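The chain contents come next:
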Amino acid sequence: FPCRFERHSLARYFNHFLFQPKQRIIDIGDRLLAQMTGVRVGLQVRFGGNLAEFNDTFTFIKKEHIGSVVEFIKSKLHSVTNYTIYLSSDTKNAPKLLAPLNTTFLVADAFEIGHTRKSNSRFLERAVLDLYVLSKCDILFITWLSSYGHLARDLSDSKRVYTIK
């Protein structure tokens, strides 16, 4: 089977092939991308637990570990001088929780947060929009053990992908 990808090659190949957002999602995503100046940084942060918008049974990032998450992100961006961060998260409080990064975040407001909710396709549209924008970023941070983050990684062509643990 001919495949040009080295790591996670088959899954990545099929994810690229199957990920075909509707044109209106692409249009919204392209408008968000146009607002990003300098290096495009995608930040996918899945908190889970009681920090998530919809209580999750699994905690990905504990509140007491947010400081180390911020320090990890800062360490990877220390040599980048001009960047915009696109933030995808499972909580509306993420900008406040990540305030020690001392930056403003670009966040989609077209649809509600909550891709883990199964009752409303509007939540799924937000998830697809976030994946589209994250996949176009130059640098990508994903949450360890988050299948959503791994999908964002597989869709991205970035060589600078960091996992938040």
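One can find the structure itself at the top, above this paragraph.
Things to note about the environment of L51
So, point 1. Its location among the elements puts L51 in the loop between strand 1 (39-45) and helix 3 (66-77).
So, point 2. We classify L51 as buried; its relative accessible area is 18%.
So, point 3. Sequence separation of L51 and I61 is 10 residues, and the distance between their C-alpha atoms is 8.8 Å.
So, point 4. In this structure, L51 is in contact with I61, K63 and T91, ignoring residues within four places of it in sequence.

Section: the sheet that holds strand 3 (residues 105-106)
So, point 1. Strand order in the open sheet made by the 5 strands is 3-2-1-4-5, with parallel pairing throughout. Pairing within the sheet leaves two strands with one partner each, and these edge strands are strand 3 and strand 5 (160-164).
So, point 2. Of the pairings in the sheet, the one linking strand 1 to strand 2 (residues 83-89) comprises 7 bridges and is parallel in character. What sits directly across from Q44, in strand 2, is S88.
So, point 3. The sheet strands contacting helix 3 are strand 1, strand 2, strand 4 (139-143) and strand 5, and the helix crosses strand 5 at an angle near 165 degrees.

A short note on the environment of K136
So, point 1. Note on placement: K136 falls in the loop between helix 5 (121-135) and strand 4.
So, point 2. For K136, the contacting residues outside a window of four places in its chain are L33 and R40.

A short note on the side chain of S158
So, point 1. If you trace the backbone, S158 turns up in the loop between helix 6 (147-155) and strand 5.
So, point 2. By relative accessible area, S158 is classed as buried at 12%.
So, point 3. Separated by 2.5 Å, the side chain of S158 and the backbone oxygen of D138 make a polar contact.
So, point 4. Not counting the four nearest positions on each side in its chain, S158 is found in contact with C137, D138, I139 and L140.

Some details on the layout of surface pockets
So, point 1. In this structure, the second largest pocket occupies an estimated 160 Å³ of space.
So, point 2. Looking at the lining of the second largest pocket residue by residue, the class counts come to 3 nonpolar, 2 polar and 2 charged.

Parameters at a glance
Each chain carries its own residue numbering, running from 1 in the direction its sequence is written. The predicted origin of the model limits local features to residues at a pLDDT of at least 70 and limits the giving and counting of side-chain atom pairs to 80 or more, whereas totals for whole chains, interfaces and linings rest on all residues. Derived side-chain values reflect all non-hydrogen atoms in the structure, with water molecules and hydrogen atoms excluded from consideration. Only runs of H or I of at least four residues qualify as helices and only runs of E of at least two qualify as strands under DSSP, and these elements are numbered from the N terminus. Per-residue accessibility, obtained with a 1.4 Å probe over protein chains only, is compared with the maximum for each type, and a residue is labelled buried under 20%, exposed over 50%, and partly exposed between these values. Note on definitions: a residue-residue contact is assigned when non-hydrogen atoms from the two residues lie within 4.5 Å. Pairs of strands are assigned from DSSP output, requiring at least two bridges between the strands. The axes are straight lines fitted to the C-alpha atoms, using for helices just the contacting stretch, and the angles between their N-to-C directions are given from 0 to 180°. For the purposes of these results, a polar contact is taken to be a pair of N or O atoms within 3.5 Å, where, inside protein, one atom must be able to donate a hydrogen and its partner to accept one; residues adjacent in sequence count only when each atom of the pair is a side-chain atom. Computed over the protein atoms alone on a 1 Å grid, cavities are sets of points where a 1.4 Å probe fits but cannot get out and pockets are open sets with protein on both sides within 12 Å along at least five of seven lines; a residue lines them when it has an atom within 4 Å of a point. Grid points are joined across faces, edges and corners, and a volume is the space filled by probe spheres set on the points. Gly falls in the polar group here, along with every residue not listed as nonpolar (Ala, Val, Leu, Ile, Met, Phe, Trp, Tyr, Cys, Pro) or charged (Asp, Glu, Lys, Arg).

In short, the description is geometric, and any link to function would need to be established separately.
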